[in-house]
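Working through the structure, step by step
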Amino acid sequence: MTSNIAVIIGRFQILQRGHGTLLQQALAIAPQVLIVIGSAFRARDAHNPFTWEERKQQFEAVLTPEQRQRVEFLPVRDYFDDQRWGDAVRKGLERVAGRGAQVTLVGFKKDHTSSYLDAFPGWTVHEVEPQVDISASDLRRVYFETPNISAALTVIGNYVEPGVRDYLQAWAQLPAYRQCQAEHRAVVAYREKYTAPFSLTSDAVVTTRQHVLLIKRGGTIGHGLWALPGGFVEPWERFYPAAVRELAEETGYKPHPGQLRAALKSSAVFDHPARSPRGRIITNAFHFDLGDAEFPDVQGADDAKLAKWIPIAQLPSLESQLFEDHACILDHFVGLYPEP
(Lines give C-alpha, C1' and ligand atoms only; values in the text may rest on other atoms or scores of the structure.)
Protein backbone atom coordinates (compact mmCIF):
# COMPACT_ATOMS: atom_id res chain seq x y z
CA MET A 1 0.00 0.00 0.00
CA THR A 2 1.54 3.31 -1.09
CA SER A 3 0.56 6.51 0.67
CA ASN A 4 2.03 9.93 1.26
CA ILE A 5 0.36 10.25 4.64
CA ALA A 6 -1.53 8.01 7.03
CA VAL A 7 -4.20 9.41 9.34
CA ILE A 8 -5.53 8.12 12.65
CA ILE A 9 -8.48 9.79 14.35
CA GLY A 10 -9.70 9.54 17.94
CA ARG A 11 -10.28 11.22 21.25
CA PHE A 12 -7.53 9.19 22.94
CA GLN A 13 -8.78 10.01 26.44
CA ILE A 14 -6.12 7.75 27.93
CA LEU A 15 -3.86 6.49 25.20
CA GLN A 16 -4.12 2.71 25.38
CA ARG A 17 -2.33 -0.06 23.49
CA GLY A 18 -5.11 -0.39 20.93
CA HIS A 19 -4.38 3.17 19.88
CA GLY A 20 -0.72 2.25 19.77
CA THR A 21 -1.54 -0.52 17.29
CA LEU A 22 -3.14 2.07 14.98
CA LEU A 23 -0.10 4.31 15.33
CA GLN A 24 2.37 1.56 14.47
CA GLN A 25 0.29 0.50 11.45
CA ALA A 26 0.17 4.12 10.25
CA LEU A 27 3.94 4.49 10.64
CA ALA A 28 4.45 1.30 8.65
CA ILE A 29 2.18 2.43 5.80
CA ALA A 30 3.36 5.99 5.15
CA PRO A 31 6.39 8.22 5.68
CA GLN A 32 4.22 10.84 7.39
CA VAL A 33 1.46 10.37 9.97
CA LEU A 34 -1.26 12.80 11.05
CA ILE A 35 -2.89 12.17 14.43
CA VAL A 36 -6.27 13.90 14.59
CA ILE A 37 -7.17 14.57 18.23
CA GLY A 38 -10.92 15.03 18.56
CA SER A 39 -12.93 16.85 21.23
CA ALA A 40 -10.21 19.50 21.31
CA PHE A 41 -10.55 22.89 23.04
CA ARG A 42 -13.29 21.62 25.35
CA ALA A 43 -13.43 22.22 29.07
CA ARG A 44 -12.41 19.23 31.14
CA ASP A 45 -15.27 16.95 32.12
CA ALA A 46 -15.85 13.32 33.10
CA HIS A 47 -15.79 12.21 29.46
CA ASN A 48 -12.91 14.47 28.37
CA PRO A 49 -10.52 14.86 31.33
CA PHE A 50 -7.39 15.62 29.27
CA THR A 51 -6.74 18.65 27.10
CA TRP A 52 -5.64 17.98 23.55
CA GLU A 53 -2.11 19.07 24.48
CA GLU A 54 -2.03 16.52 27.31
CA ARG A 55 -3.16 13.78 24.91
CA LYS A 56 -0.40 14.85 22.53
CA GLN A 57 2.07 14.46 25.40
CA GLN A 58 0.84 10.90 25.97
CA PHE A 59 1.62 10.11 22.34
CA GLU A 60 5.04 11.73 22.65
CA ALA A 61 5.74 9.48 25.64
CA VAL A 62 5.57 6.40 23.37
CA LEU A 63 7.16 7.74 20.17
CA THR A 64 10.84 7.29 19.44
CA PRO A 65 12.82 10.42 18.43
CA GLU A 66 12.80 9.21 14.79
CA GLN A 67 9.04 8.64 14.87
CA ARG A 68 8.40 12.08 16.32
CA GLN A 69 9.97 13.60 13.21
CA ARG A 70 7.33 11.84 11.09
CA VAL A 71 4.24 12.64 13.16
CA GLU A 72 2.04 15.76 13.13
CA PHE A 73 -0.92 16.49 15.39
CA LEU A 74 -4.22 18.14 14.41
CA PRO A 75 -6.64 19.19 17.17
CA VAL A 76 -10.27 19.30 15.99
CA ARG A 77 -13.17 20.56 18.09
CA ASP A 78 -16.58 18.93 18.48
CA TYR A 79 -18.80 20.78 16.02
CA PHE A 80 -21.59 18.20 16.42
CA ASP A 81 -21.99 18.68 12.68
CA ASP A 82 -20.51 15.87 10.58
CA GLN A 83 -19.98 18.02 7.48
CA ARG A 84 -18.28 20.82 9.38
CA TRP A 85 -16.12 18.39 11.34
CA GLY A 86 -15.08 16.56 8.16
CA ASP A 87 -14.19 19.84 6.47
CA ALA A 88 -11.99 20.78 9.44
CA VAL A 89 -10.13 17.46 9.19
CA ARG A 90 -9.63 17.80 5.40
CA LYS A 91 -8.40 21.39 5.63
CA GLY A 92 -6.06 20.49 8.47
CA LEU A 93 -4.61 17.64 6.43
CA GLU A 94 -4.09 19.95 3.44
CA ARG A 95 -2.08 22.31 5.64
CA VAL A 96 0.17 19.41 6.66
CA ALA A 97 0.47 17.39 3.43
CA GLY A 98 -0.69 19.76 0.70
CA ARG A 99 -3.38 19.19 -1.89
CA GLY A 100 -3.46 15.93 -3.80
CA ALA A 101 -1.80 13.85 -1.09
CA GLN A 102 -2.44 10.11 -1.15
CA VAL A 103 -4.18 9.50 2.15
CA THR A 104 -4.74 6.27 4.06
CA LEU A 105 -7.12 6.38 7.02
CA VAL A 106 -6.17 3.77 9.63
CA GLY A 107 -8.76 2.63 12.14
CA PHE A 108 -10.83 -0.01 13.89
CA LYS A 109 -14.30 -0.78 12.55
CA LYS A 110 -15.99 -1.76 15.80
CA ASP A 111 -19.28 0.13 16.42
CA HIS A 112 -21.12 3.41 15.74
CA THR A 113 -18.05 5.36 16.88
CA SER A 114 -16.24 4.08 13.76
CA SER A 115 -18.58 5.84 11.32
CA TYR A 116 -15.87 8.42 10.62
CA LEU A 117 -14.09 5.77 8.54
CA ASP A 118 -16.77 6.25 5.87
CA ALA A 119 -16.68 10.05 5.99
CA PHE A 120 -13.79 10.68 3.61
CA PRO A 121 -14.47 9.50 0.05
CA GLY A 122 -11.26 9.35 -1.95
CA TRP A 123 -9.19 8.25 1.02
CA THR A 124 -8.02 4.64 1.30
CA VAL A 125 -9.28 2.96 4.47
CA HIS A 126 -6.99 0.47 6.20
CA GLU A 127 -8.87 -1.51 8.85
CA VAL A 128 -6.92 -2.93 11.78
CA GLU A 129 -8.00 -5.76 14.06
CA PRO A 130 -8.03 -4.66 17.71
CA GLN A 131 -5.29 -6.42 19.68
CA VAL A 132 -6.53 -5.39 23.12
CA ASP A 133 -10.12 -5.84 24.30
CA ILE A 134 -10.31 -2.66 26.39
CA SER A 135 -11.65 0.84 25.85
CA ALA A 136 -10.40 4.18 27.10
CA SER A 137 -13.76 4.54 28.91
CA ASP A 138 -12.97 1.39 30.93
CA LEU A 139 -9.55 2.74 31.82
CA ARG A 140 -10.98 6.10 32.90
CA ARG A 141 -13.37 4.29 35.25
CA VAL A 142 -10.43 2.49 36.85
CA TYR A 143 -8.36 5.69 37.00
CA PHE A 144 -11.03 7.85 38.63
CA GLU A 145 -13.10 5.34 40.63
CA THR A 146 -10.41 3.19 42.29
CA PRO A 147 -9.73 4.68 45.76
CA ASN A 148 -6.05 3.70 45.69
CA ILE A 149 -4.24 5.37 42.76
CA SER A 150 -1.34 2.90 42.96
CA ALA A 151 -3.75 -0.01 42.54
CA ALA A 152 -5.47 1.80 39.67
CA LEU A 153 -2.17 2.37 37.88
CA THR A 154 -1.17 -1.26 38.38
CA VAL A 155 -4.31 -2.35 36.54
CA ILE A 156 -4.02 0.35 33.87
CA GLY A 157 -0.39 -0.59 33.32
CA ASN A 158 -1.53 -3.82 31.68
CA TYR A 159 -3.20 -1.85 28.88
CA VAL A 160 -0.95 1.17 28.30
CA GLU A 161 2.68 1.66 27.42
CA PRO A 162 5.09 2.39 30.31
CA GLY A 163 5.51 6.00 29.19
CA VAL A 164 1.76 6.57 29.40
CA ARG A 165 1.56 4.89 32.81
CA ASP A 166 4.29 7.22 34.09
CA TYR A 167 2.43 10.17 32.62
CA LEU A 168 -0.82 9.16 34.35
CA GLN A 169 1.01 8.67 37.63
CA ALA A 170 2.46 12.18 37.47
CA TRP A 171 -0.83 13.73 36.25
CA ALA A 172 -2.62 12.23 39.26
CA GLN A 173 -0.62 14.60 41.48
CA LEU A 174 -2.22 17.68 39.86
CA PRO A 175 -5.34 19.54 41.05
CA ALA A 176 -6.91 18.76 37.66
CA TYR A 177 -6.92 15.06 38.57
CA ARG A 178 -8.77 15.67 41.83
CA GLN A 179 -11.29 17.91 40.09
CA CYS A 180 -11.92 15.37 37.32
CA GLN A 181 -12.15 12.54 39.84
CA ALA A 182 -14.80 14.43 41.84
CA GLU A 183 -16.75 15.24 38.69
CA HIS A 184 -16.47 11.68 37.38
CA ARG A 185 -17.91 10.33 40.62
CA ALA A 186 -20.67 12.96 40.58
CA VAL A 187 -21.61 11.97 37.03
CA VAL A 188 -21.73 8.29 38.02
CA ALA A 189 -24.05 9.16 40.93
CA TYR A 190 -26.16 11.34 38.64
CA ARG A 191 -26.60 8.57 36.08
CA GLU A 192 -27.52 6.07 38.81
CA LYS A 193 -30.13 8.46 40.20
CA TYR A 194 -31.63 9.57 36.90
CA THR A 195 -32.23 6.48 34.80
CA ALA A 196 -34.64 7.89 32.18
CA PRO A 197 -33.51 7.25 28.57
CA PHE A 198 -33.25 11.00 28.01
CA SER A 199 -33.84 14.34 29.76
CA LEU A 200 -35.03 17.71 28.49
CA THR A 201 -33.45 21.06 29.27
CA SER A 202 -33.90 24.62 28.07
CA ASP A 203 -31.28 27.38 27.75
CA ALA A 204 -31.37 31.15 27.20
CA VAL A 205 -28.91 33.02 24.99
CA VAL A 206 -29.46 36.68 25.91
CA THR A 207 -27.49 39.36 24.03
CA THR A 208 -27.27 43.12 24.12
CA ARG A 209 -24.64 45.61 22.96
CA GLN A 210 -22.45 42.79 21.59
CA HIS A 211 -22.40 41.05 24.95
CA VAL A 212 -23.94 37.73 26.02
CA LEU A 213 -25.22 36.79 29.46
CA LEU A 214 -23.34 33.84 31.02
CA ILE A 215 -23.30 32.26 34.43
CA LYS A 216 -20.47 30.56 36.30
CA ARG A 217 -21.56 27.16 37.55
CA GLY A 218 -21.52 26.06 41.16
CA GLY A 219 -21.87 22.43 42.25
CA THR A 220 -19.50 19.60 41.32
CA ILE A 221 -20.38 18.92 37.68
CA GLY A 222 -18.87 21.70 35.58
CA HIS A 223 -17.80 23.60 38.69
CA GLY A 224 -16.45 27.04 37.85
CA LEU A 225 -17.19 26.79 34.12
CA TRP A 226 -19.04 29.44 32.15
CA ALA A 227 -22.46 28.35 30.91
CA LEU A 228 -25.70 29.64 29.50
CA PRO A 229 -28.54 30.19 31.97
CA GLY A 230 -30.75 27.13 31.76
CA GLY A 231 -31.86 23.92 33.35
CA PHE A 232 -34.23 21.00 33.30
CA VAL A 233 -37.77 21.28 32.01
CA GLU A 234 -40.33 20.43 34.67
CA PRO A 235 -42.93 17.73 33.83
CA TRP A 236 -45.63 20.42 33.59
CA GLU A 237 -43.57 22.85 31.44
CA ARG A 238 -42.86 23.57 27.82
CA PHE A 239 -39.39 24.62 26.63
CA TYR A 240 -39.98 28.37 26.34
CA PRO A 241 -41.37 29.01 29.84
CA ALA A 242 -38.67 26.72 31.26
CA ALA A 243 -35.98 28.91 29.65
CA VAL A 244 -37.61 32.06 31.04
CA ARG A 245 -37.92 30.53 34.51
CA GLU A 246 -34.30 29.32 34.60
CA LEU A 247 -33.10 32.70 33.34
CA ALA A 248 -34.83 34.41 36.25
CA GLU A 249 -33.72 31.84 38.84
CA GLU A 250 -30.04 31.85 37.85
CA THR A 251 -29.49 35.52 36.96
CA GLY A 252 -32.31 37.48 38.59
CA TYR A 253 -33.29 38.90 35.18
CA LYS A 254 -37.11 39.15 35.09
CA PRO A 255 -38.23 41.46 32.28
CA HIS A 256 -41.86 41.99 31.35
CA PRO A 257 -43.04 38.85 29.46
CA GLY A 258 -43.98 40.95 26.43
CA GLN A 259 -40.52 42.55 26.33
CA LEU A 260 -38.79 39.19 26.37
CA ARG A 261 -41.13 37.71 23.76
CA ALA A 262 -40.43 40.71 21.48
CA ALA A 263 -36.69 40.11 21.88
CA LEU A 264 -36.91 36.45 20.77
CA LYS A 265 -34.98 36.07 17.52
CA SER A 266 -34.69 32.32 17.04
CA SER A 267 -34.46 28.94 18.75
CA ALA A 268 -32.75 25.65 18.01
CA VAL A 269 -32.63 22.12 19.38
CA PHE A 270 -29.28 20.57 20.31
CA ASP A 271 -29.59 16.82 20.59
CA HIS A 272 -26.25 15.19 19.83
CA PRO A 273 -25.97 12.01 21.95
CA ALA A 274 -22.47 12.99 23.14
CA ARG A 275 -23.22 16.59 24.11
CA SER A 276 -23.22 15.77 27.84
CA PRO A 277 -21.34 13.13 29.86
CA ARG A 278 -24.35 12.99 32.21
CA GLY A 279 -26.35 11.08 29.60
CA ARG A 280 -28.76 11.77 26.76
CA ILE A 281 -29.82 15.37 27.42
CA ILE A 282 -31.72 17.26 24.73
CA THR A 283 -31.94 21.03 24.99
CA ASN A 284 -33.92 23.74 23.25
CA ALA A 285 -32.05 27.04 23.29
CA PHE A 286 -33.70 30.44 22.74
CA HIS A 287 -31.88 33.54 21.52
CA PHE A 288 -33.14 36.82 22.96
CA ASP A 289 -31.55 39.97 21.49
CA LEU A 290 -32.20 43.12 23.52
CA GLY A 291 -30.70 45.34 20.81
CA ASP A 292 -28.96 48.39 22.25
CA ALA A 293 -30.68 48.26 25.62
CA GLU A 294 -28.67 49.06 28.72
CA PHE A 295 -27.26 46.04 30.47
CA PRO A 296 -29.92 44.67 32.83
CA ASP A 297 -28.73 44.10 36.38
CA VAL A 298 -27.92 40.42 36.95
CA GLN A 299 -26.69 38.39 39.89
CA GLY A 300 -25.84 34.72 40.16
CA ALA A 301 -28.32 32.64 42.17
CA ASP A 302 -29.67 29.09 42.48
CA ASP A 303 -27.17 26.85 40.57
CA ALA A 304 -25.07 29.84 39.47
CA LYS A 305 -22.44 31.44 41.65
CA LEU A 306 -21.97 34.37 39.24
CA ALA A 307 -23.85 36.00 36.35
CA LYS A 308 -22.03 38.35 34.01
CA TRP A 309 -22.31 40.09 30.64
CA ILE A 310 -19.41 38.83 28.53
CA PRO A 311 -18.25 40.52 25.29
CA ILE A 312 -19.07 38.26 22.34
CA ALA A 313 -15.61 39.04 20.94
CA GLN A 314 -14.13 37.43 24.06
CA LEU A 315 -15.92 34.10 23.62
CA PRO A 316 -13.23 32.37 21.50
CA SER A 317 -10.74 32.85 24.32
CA LEU A 318 -13.20 31.24 26.74
CA GLU A 319 -13.93 28.14 24.64
CA SER A 320 -12.02 25.78 26.94
CA GLN A 321 -13.90 27.21 29.94
CA LEU A 322 -17.43 26.68 28.58
CA PHE A 323 -19.65 23.92 29.99
CA GLU A 324 -20.39 20.82 27.87
CA ASP A 325 -21.49 21.92 24.35
CA HIS A 326 -22.34 25.53 25.23
CA ALA A 327 -19.56 26.74 22.93
CA CYS A 328 -21.42 24.98 20.09
CA ILE A 329 -24.71 26.62 21.10
CA LEU A 330 -23.10 30.05 21.26
CA ASP A 331 -21.44 29.51 17.91
CA HIS A 332 -24.83 28.72 16.38
CA PHE A 333 -26.44 31.95 17.57
CA VAL A 334 -23.67 34.56 17.86
CA GLY A 335 -20.53 33.02 16.31
CA LEU A 336 -17.55 31.68 18.19
CA TYR A 337 -15.52 29.19 16.17
CA PRO A 338 -12.94 30.43 13.67
CA GLU A 339 -12.93 28.96 10.19
CA PRO A 340 -10.82 25.76 10.04
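This text gives an overview of the structure that appears in the document. (Residues numbered from 1 in each chain as written. Predicted model: local features only at pLDDT ≥ 70, side-chain atom pairs only at ≥ 80, totals over all residues. Heavy atoms only, no water.)

You can see Arg 245 is positioned in helix 9 (residues 239-251). Classification of Arg 245 as buried rests on a relative accessible area of 17%. Only 3.0 Å separates the side chain of Arg 245 from the backbone oxygen of Phe 232, close enough to count as a polar contact. Not counting residues up to four positions away in its chain, the partners in contact with Arg 245 are Phe 232, Glu 234 and Glu 237. (Helix = DSSP H or I, 4+ residues; strand = E, 2+ residues; numbered from the N terminus. Buried < 20%, exposed > 50% of the residue type's maximum accessible area, 1.4 Å probe, protein only. Polar contact = N/O pair within 3.5 Å; in protein donor to acceptor, adjacent residues only side chain to side chain. Contact = heavy atoms within 4.5 Å.)

With that settled, the discussion passes to the environment of Ala 307. Of note, Ala 307 is situated in strand 12 (residues 304-311). Classification of Ala 307 by relative accessible area gives buried; the value is 9%. Sequence separation between Ala 307 and Leu 139 is 168 residues; the distance between their C-alpha atoms is 36 Å.

The calculated volume of the second largest pocket comes to roughly 580 Å³. Tyr 190, Arg 217, Phe 232, Arg 278 and Asp 303 are, among the 28 residues lining the second largest pocket, the residues nearest its centre. Of all the secondary structure elements, the ones that give two or more residues to the lining of the second largest pocket are helix 8 (175-193), strand 6 (199-208), strand 7 (211-217), strand 9 (230-232) and helix 9. Partitioning the lining of the second largest pocket into residue classes produces eleven nonpolar, eight polar and nine charged. (1 Å grid on protein atoms, 1.4 Å probe; cavity = no way out; pocket = protein on both sides within 12 Å on 5 of 7 lines; lining within 4 Å. Points joined across faces, edges and corners; volume = space filled by probe spheres on them. Nonpolar A, V, L, I, M, F, W, Y, C, P; charged D, E, K, R; others polar.)

It is worth spelling out the packing of helix 2 (residues 52-60) against helix 7 (residues 162-171) at this point. Contact pair helix 2 / helix 7: the axes reach a minimum separation of 8 Å and the direction vectors enclose 140 degrees. As the angle between them shows, helix 2 and helix 7 are arranged oblique. Note that helix 2 runs across helix 7; the crossing there is right-handed. In this structure, helix 2 contributes Glu 54, Gln 57 and Gln 58 to the contact, and helix 7 contributes Val 164, Tyr 167 and Trp 171. For the contact of helix 2 with helix 7, a count of residues per class yields three nonpolar, two polar and one charged. (Axes fitted to C-alpha atoms, helices over the stretch in contact; angles between N-to-C directions. Parallel < 35°, antiparallel > 145°, perpendicular 65-115°, else oblique. Left-handed = near helix turned anticlockwise from the far one by under 90°.)

Looking now at helix 7. Of the residues making up helix 7, those classed as buried are Val 164, Tyr 167, Leu 168 and Trp 171. All buried residues of helix 7 lie within an arc of 95 degrees about the axis, which places them on one face of the element. At its buried positions, helix 7 is contacted by helix 2, helix 5 (136-145), helix 6 (149-156) and helix 8. (Arc of directions from axis to C-beta.)

Interpretation note: all reported values are geometric properties and have no functional meaning in isolation.
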